[in-house]
Amino acid sequence: MNRLIVGMSGASGALIGIGLLKALQQFEDWETHLILSRAAEQTIRMETDYSIETVRAMASHVHSIDDIGACISSGTFKTAGMVIVPCSMKTVAGIATGYSDSLLLRAADVTLKERRRLVLVARESPLSPIHLRNMLTLAELGAMILPPVLSFYNRPATVEEHIHHIIGKILCAFDLELPGYRRWM
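Description of the structure in this document.

**Focus on the side chain of S73**
Point 1. Of note, S73 is situated in the loop between strand 3 (61-63) and strand 4 (81-87).
Point 2. For S73, the side chain forms a polar contact with the main-chain oxygen of I68, separated by 2.9 Å.
Point 3. With near-sequence residues (within four places) excluded, S73 lies in contact with I68, L103, R106 and V110.

Laid out in structure tokens, this is it:
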């Protein structure tokens, strides 16, 4: 069984994280470990019609943001890595500085120290020099910074098609192929 930690922080773009959880349900040999920040819960309520309970039910396992002793806080718990989607600049800053005051930040810290894949779907615009420095620090440490940039070569007609494309890119980072994901040529 492959394991993927999915974190959601309070940046805008909750539908991308929810879509990723839905997409991962298609892969029977993968289990998901979900962490929602308090701000993520607020964003889900503001941006979507999903209840927090419905989002939690999409994951194989759900961990409290305060459970710093959860299995995913240890490097001995084997995972394929972690994705934080959406990823706020506050979360980026916390990871970049090693400020692990929550399970979300601790799990990301462990992912980096164990040299596992860490994908950050960073959401902010425009980016300040502080944001850029923090993301550069994380990229130099091995994290993949994957902002949800719109692609047009696949000729999307709806917001849902844009989201589907971003989810396809995230899954590619873990060698998973999303049905219907269109690559360049």
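**A look at the nonpolar core**
Looking at soluble globular proteins, one finds that nonpolar side chains tend to be buried together.
Point 1. Judged by nonpolar contacts, the single largest core of 35 residues is most densely connected at M8, L20, V83, I170 and L171.
Point 2. Counting only elements with at least two residues in this core, the list comes to strand 1 (2-8), helix 1 (14-24), strand 2 (30-36), helix 2 (38-47), helix 3 (52-57), strand 4, strand 5 (117-122) and helix 7 (159-172).
Point 3. Looking at which element gives the most residues to this core, the answer is helix 1, with seven residues.
Point 4. The residues touching V83, leaving out its near neighbours within four places in the chain, are L4, I5, V6, G7, L20, V119, V121, I170 and F174.
Point 5. Residues A70, F77, M82 and A96 belong to the second largest nonpolar core, which totals 25 residues.

**As for the sheet that holds strand 2**
Point 1. One open sheet accounts for six strands, arranged 3-2-1-4-5-6; its pairing is parallel. Strands at the two margins of the open sheet, each flanked by one partner only, are strand 3 and strand 6 (144-145).
Point 2. As paired elements, strand 5 and strand 6 share two bridges and run parallel to each other. In the strand pairing of strand 6, V119 is matched with M144.

**Some details on the pattern of salt bridges**
Point 1. Tallied over the entire structure, the rule returns six salt bridges.
Point 2. The salt bridge involving R56 is made with E41; its shortest N-O contact spans 2.6 Å. Of this pair, R56 sits in helix 3 while E41 sits in helix 2, and the two are 15 residues apart along the sequence.
Point 3. R56 sits in the partly exposed class, given a relative accessible area of 31%.
Point 4. Residue E41 is classed as buried on the basis of its relative accessible area, which comes to 17%.
Point 5. Between E114 and K113 there is a salt bridge whose closest N-O contact spans 2.7 Å.
Point 6. Residue class for E114 comes out partly exposed when judged on its relative accessible area of 31%.
Point 7. Looking at K113, the relative accessible area reads 45%, which means it is partly exposed.

**Comments concerning the packing of aromatic side chains**
Point 1. One pass over the structure, following the stated rule, counts one aromatic pair.
Point 2. Here Y153 and W184 contribute two aromatic rings whose centre-to-centre distance is 5.2 Å and whose plane-to-plane angle is 85°, an arrangement assigned as edge-to-face. One end of the pair, Y153, is in the loop between strand 6 and helix 7; the other, W184, is in the segment after helix 7, with 31 residues separating them in the sequence.
Point 3. Under the relative-accessibility criterion, Y153 is labelled partly exposed at 34%.

About the criteria used
- For every chain, the first residue of its written sequence is number 1, and the numbers climb from 1 along that sequence.
- Where local features are concerned, this predicted model is filtered to residues with pLDDT of at least 70; where side-chain atom pairs are given and counted, the filter is 80 or more; whole-chain, interface and lining totals use all residues.
- Excluded from the side-chain calculation are hydrogens and water; included are all heavy atoms of the structure.
- Helical segments are the DSSP runs of H or I of at least four residues, strand segments are the runs of E of at least two, and each set is numbered from the N terminus.
- By the criterion applied in these results, polar contacts are pairs of N or O atoms within 3.5 Å in which, for protein atoms, one can donate a hydrogen and the other can accept it, and in which residues neighboring in sequence qualify only through two side-chain atoms.
- A contact between two residues is defined here by any heavy atoms of the two lying within 4.5 Å.
- Throughout, nonpolar core names a set of buried Ala, Val, Leu, Ile, Met, Phe, Trp, Tyr and Cys residues whose side chains join them through atoms within 4.5 Å.
- Relative accessible area decides the class of each residue, using a 1.4 Å probe on protein chains only: under 20% of the type maximum gives buried, over 50% gives exposed, and in between gives partly exposed.
- Any two strands are treated as partners once DSSP identifies two or more bridges connecting them.
- Just to be clear on terms, a salt bridge is a Lys or Arg side-chain nitrogen sitting within 4 Å of an Asp or Glu carboxyl oxygen.
- Each Phe, Tyr or Trp ring (for Trp, its six-membered ring) is paired with any other whose centre lies within 6.5 Å, and the angle between the two planes then decides the class: stacked below 30 degrees, edge-to-face above 60, tilted in between.

Purely geometric numbers; function is a separate question.
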